[in-house]
Structure formats: structure tokens, C-alpha cells
Amino acid sequence: MNPIAKYLNNLFAKKRILGDDTRLEGLVKADDLLADLVNQQKIPGLSVTVLEEGKTIFQKGYGHADLEAKTRIIPEETVFRVASVSKPIAATALAHMVVEGIIDLDASFRTYVPYYPKKKYDFTIRQLASHTAGIRSYRGTEYGLNRPYSIKEGIDLFKNDPLLFEPGTGYHYNSYDWVLISLAMQEASGIPFVEYVHEKVLEPLGMDHTFAPTAKKGSDTWPGAHRLATSYSRNRLGFREAIPVNNHYKLAGGGYLSTSGDIAKLGQAYLEGKILDKKTLQPFLTSQNINGTPTYYGLGWQVSEDTKGRSYYGHVGNGVGGYSNFFVYPNEQMVVAILINCTDPKVQDVLDTTVNLLMTSKKPSF
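Residues numbered from 1 in each chain as written. Predicted model: local features only at pLDDT ≥ 70, side-chain atom pairs only at ≥ 80, totals over all residues. Heavy atoms only, no water.

Participant: Can you walk me through the overall build of the protein in this structure?
Facilitator: Per the secondary structure count, the protein includes twelve helices and 14 strands. Within the protein, the proportion of its 366 residues that are buried is 55%. Long-range pairs, those at least 24 residues apart, make up 68% of the contacts in the protein with a sequence separation of at least 6. Per element, the accessible surface of the protein, about 16500 Å² overall, is 51% carbon and sulfur. (Helix = DSSP H or I, 4+ residues; strand = E, 2+ residues; numbered from the N terminus. Buried < 20%, exposed > 50% of the residue type's maximum accessible area, 1.4 Å probe, protein only. Contact = heavy atoms within 4.5 Å. Areas by Shrake-Rupley, 256 points an atom, 1.4 Å probe, with all protein chains shown as cover.)

Right under this line is the structure:
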């Protein structure tokens, strides 16, 4: 069948299914776009979960969790590296510590980690969480380290470097800010960061498919049997398994493993007010400003508007073997979580179009 005939045949088939009901049209178009990413070999696999008013209106897996074994993706079960979507998870735990009086956002970082080398300028927990502290980002091979560092050991990578600017005068996004925050949380509470997050965030929200990688070299492992997607990178010859990395030390900034369903649960908990009170969360979900200019970043959360002017908070993540989109739309009461098992697949434009289609779709009537 020639391409035009195939297109018309598919179009008329969809017309027979949908009739004149345009409520599902956006979902169908979004489904086509995501399927095409796999069909055109732009990504190995993808999982998407979309909630509206707490109900799942779209959830599907595309492509493969493992190309060689041809293992399909199951949205409720397949676990991905979520990269910087880890930051909202960590920020949620930090908010709990603020309420409990364990952490003061405006206290000096060295209040909790006095052994950290003193810099020309002091900086606070709030400045770290908003990426305005002046901490540098990855250099060279640091992005893909495969060393079994603890959180405390991980700061040796950058602790002796000078600040990029006087804290509060600039914005520089990086994951090392959250390495420092997670260390401060451990030191202040006396509880390992992993355990605190599990107790205060993952367990209460039923995020039972969200895990921290162990400190064992080169492993994304945890107790229990769960479906971990193989992590890939892409070049002109196709997909290959991503280099082995160990993200344990930078768990708060980009190390968690999860499903699209679990990430959507986190967003829904915010919409339903299950995460503390609005006053506590307000600074986390409000863009910071530098000299009157918004950074479009709160405390661990990107805070902005999409191309259609709809307000959202969430995060985009990119790490070795994983790419993620997580958006919470409070006015529309919708949550979108998309996870891909590939390093920077360069498909954000397609994902943006897909999210817009999902946002303009209405809830199915069946």
C-alpha cells in the first residue's frame, strides 16, 4: 500500500472509531507521535502516564525496555532512570524537614556541614535549592562517573573549587547543588537521605516502584524483582547500551529510578494537597528572581508556562541512559509523566507537541 493510501485508510479508520467526537482526537494524535518516535528509531522505548482530576486518561508503553530481548515496556512496572526529575522528589523531602524544624532554608549550608571548605561568600540551603549559590556543574567525565561514592564522598569532586559568582546574584543550574542539600539533610537529621525520602515521600504516596540505586559499582539494583529498562545511548549507527554509571552519590539531583505511573503519583499528591500545606510549599513552587528577572525555577522545581501560556511546575531530566518530562498543571488539574530509556534523544520538540495535544484533549466518555 502506498503511503498516501495508507494514511487515508488510517484516517478513515480513526473516523469510524471516533465519529465526530473530537474529545479523543488529541489523544489519538499524541499516540501517533509517540509511536512514530519508536518507529523512526529515535528512541528505544518510552512510558507515559497522564492524569486528569486524579483519573488516568492515558497510559501506555512504546518500544522496548530491552532491545536485544525485545522486552516490551509496561508503564505500571517498567523502571527508568528519571535523571533530574529526582530533584522534585528530593525537594518534597526537604519541605518535610523544613516543617519539622530540622532544616532552615535561610541558614548557611555550613551550619549543617561545617567541614565543607569555607568560600569567599557564604551560601544558604535556599540558594542551593534554587541554583543561585554559585556551585559549578559537571566537568569532563564527571557526568558519567562509575564510582561507588557515598554522598559525603561525592562532594570531593567539587568542594575545593571557587564559587562561580556571589550567591544570590546569578543563576547556574547544576546537580551538585542537590548533592550538597542531601548531605545537609543527612547531617541535620542523623538519618540517611535514602531512608528519609522513603519514609516521608515514597512510602506515604505509594510510590513503590521508585528506588535509589545502590552504591555498588555500576549497578541500578535494589531489593526485590522489578522491571528495569536497559539504558541506551544513540549515535548515527543506532542504539547501544549506555556506559555504566553510578548515580548513588547524586541521588537527590539525578539518581532515582522510577515508573511514569509513580512520577505521576507525586504530581497528583501536590494537586490534592497531600504534600504538607500551601504556605510551606509556596517558595518551592515559586520562581526565584535575580535583580527582578525570574529564573523560572523554584526550589527543586521548574516553574514556568508552556507555549500556550498554561502555568505548570515540574522538571525535565537528562542523564546517562535516561530522559524524562514531568509536568503538573494546577489550573487544568492534569499531570504528565514521560520517561525514555535513552541519553538525550533530542525529541523534546515532539514531546512538547505531544503534551500540548494531551492537555487539549478531554476526558474520554467511556
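Participant: I tried to follow the sheet that holds strand 2 (residues 55-66) on my own but got confused; where do I start?
Facilitator: The strands that make up a sheet pair up through hydrogen bonds in the backbone, lying either parallel or antiparallel. Taken in spatial order, the seven strands line up as 3-2-1-14-13-12-11 in an open sheet, and their pairing is antiparallel. Strands at the two margins of the open sheet, each flanked by one partner only, are strand 3 (71-72) and strand 11 (302-305). The pairing of strand 13 (residues 322-329) with strand 14 (residues 334-340) spans seven bridges and is antiparallel. Each bridged residue has a counterpart across the sheet, and for Y323 the counterpart in strand 14 is I340. Seen against the sheet, helix 2 (residues 25-39) touches strand 1 (45-52) and strand 2 and runs at an angle of roughly 15° to strand 2. (Pairing = 2+ DSSP bridges. Axes fitted to C-alpha atoms, helices over the stretch in contact; angles between N-to-C directions.)

Participant: Just to check I follow, could you spell out the environment of Y173 for this structure?
Facilitator: Summarising the element assignment, Y173 is placed in the loop between helix 6 (151-154) and helix 7 (176-189). Separated by 36 residues in sequence, Y173 and S137 have C-alpha atoms that sit 7.4 Å apart. In contact with Y173, not counting residues within four places along its chain, are S84, K87, H131, S137, Y297 and H315. Among the polar contacts made by the side chain of Y173, one reaches the side chain of S84 at a distance of 2.8 Å. (Polar contact = N/O pair within 3.5 Å; in protein donor to acceptor, adjacent residues only side chain to side chain.)

Participant: Can you help me understand unusual backbone geometry in this one?
Facilitator: Excluding glycine, residues mostly have negative phi values, and the peptide bonds linking residues are mostly trans. Not every positive phi belongs to a glycine, and Q41 is a case in point at roughly 55°. In this fold, Q41 is placed in the loop between helix 2 and strand 1. Positive phi is not limited to glycine here, since K346 has a value of about 60°. Relative to the elements of secondary structure, K346 occurs in the loop between strand 14 and helix 12 (348-360).

Participant: Please explain empty space enclosed by the protein as it appears in this structure.
Facilitator: By rolling a water-sized probe across the atoms, one finds the places where empty space is left. The full count for this structure, using the stated rule, is one cavity of 30 Å³ or more. Of the pockets and cavities examined, the largest cavity occupies roughly 40 Å³. Looking at the largest cavity, the residues that line it are Y116, K119, I135, R136, F158, D161, P162 and L163. For the lining of the largest cavity, the residue count by class is five nonpolar, no polar and three charged. (1 Å grid on protein atoms, 1.4 Å probe; cavity = no way out; pocket = protein on both sides within 12 Å on 5 of 7 lines; lining within 4 Å. Points joined across faces, edges and corners; volume = space filled by probe spheres on them. Nonpolar A, V, L, I, M, F, W, Y, C, P; charged D, E, K, R; others polar.)

Participant: What is the right way to look at helix 7 in this model?
Facilitator: Along its 14 residues, helix 7 runs 20 Å from first to last C-alpha, staying within 8% of the 20 Å computed at 1.5 Å per residue. Among the 14 residues that make up helix 7, ten are buried, leaving the element largely enclosed by the rest of the structure. For helix 7, the elements touching its buried residues are helix 3 (86-99), helix 4 (109-112), helix 5 (125-129), helix 6, helix 8 (193-202) and helix 9 (251-254). Positioned one or two residues after helix 7, G190 has a phi angle of 75°, which is positive. (Expected span 1.5 Å × (residues − 1).)

Participant: Where do I start with the nonpolar core in this structure?
Facilitator: Note on soluble globular proteins: their nonpolar side chains tend to be buried together. The biggest cluster of nonpolar side chains holds 73 residues, and the ones touching the most others in it are L94 and I135. At eight residues, helix 7 tops the list of elements feeding residues into this core. Residues contacting I135, with those up to four places away along its chain left out, are Y116, F123, L128, F158, L163, L164, H172, N174, Y176, D177 and L180. (Core = buried A, V, L, I, M, F, W, Y, C linked by side-chain atoms within 4.5 Å.)

Participant: I'm lost on the packing of aromatic side chains in this one. Help?
Facilitator: Geometrically, a pair of aromatic rings is defined through the distance of the ring centres and the angle of the planes. If you walk through the whole model with that rule in mind, you get 15 aromatic pairs. Arranged with centres 5.2 Å apart and planes meeting at 80°, the rings of Y138 and Y176 form a pair that is edge-to-face. A residue pair is termed long-range when its members are at least 10 positions apart, and Y138 in the loop between helix 5 and helix 6 and Y176 in helix 7 qualify at 38 residues. What makes Y138 partly exposed here is its relative accessible area of 26%. Taking 5.3 Å as the distance between ring centres and 80° as the angle between the ring planes, the aromatic pair formed by W301 and Y313 counts as edge-to-face. A residue pair is termed long-range when its members are at least 10 positions apart, and W301 in the loop between strand 10 (293-294) and strand 11 and Y313 in strand 12 (residues 311-319) qualify at twelve residues. Here W301 and Y313 have matching classes, each one buried. An aromatic cluster is defined as three or more aromatic residues linked by ring pairs; in this entry it consists of Y138, Y143, F158 and Y176. (Phe/Tyr/Trp six-rings, centres within 6.5 Å; stacked < 30°, edge-to-face > 60°.)

Participant: It is not clear to me how the environment of T210 should be interpreted in this structure. Could you clarify?
Facilitator: Looking at where T210 falls in the secondary structure, it is placed in the loop between helix 8 and strand 5 (227-228). What makes T210 buried here is its relative accessible area of 4%. Taking C-alpha positions, T210 is 9.8 Å from R81, a pair spaced 129 residues apart along the chain. Side chain to side chain, T210 and S258 meet in a polar contact 2.7 Å long. At a separation of 2.8 Å, a polar atom in the side chain of T210 contacts the side chain of D262.

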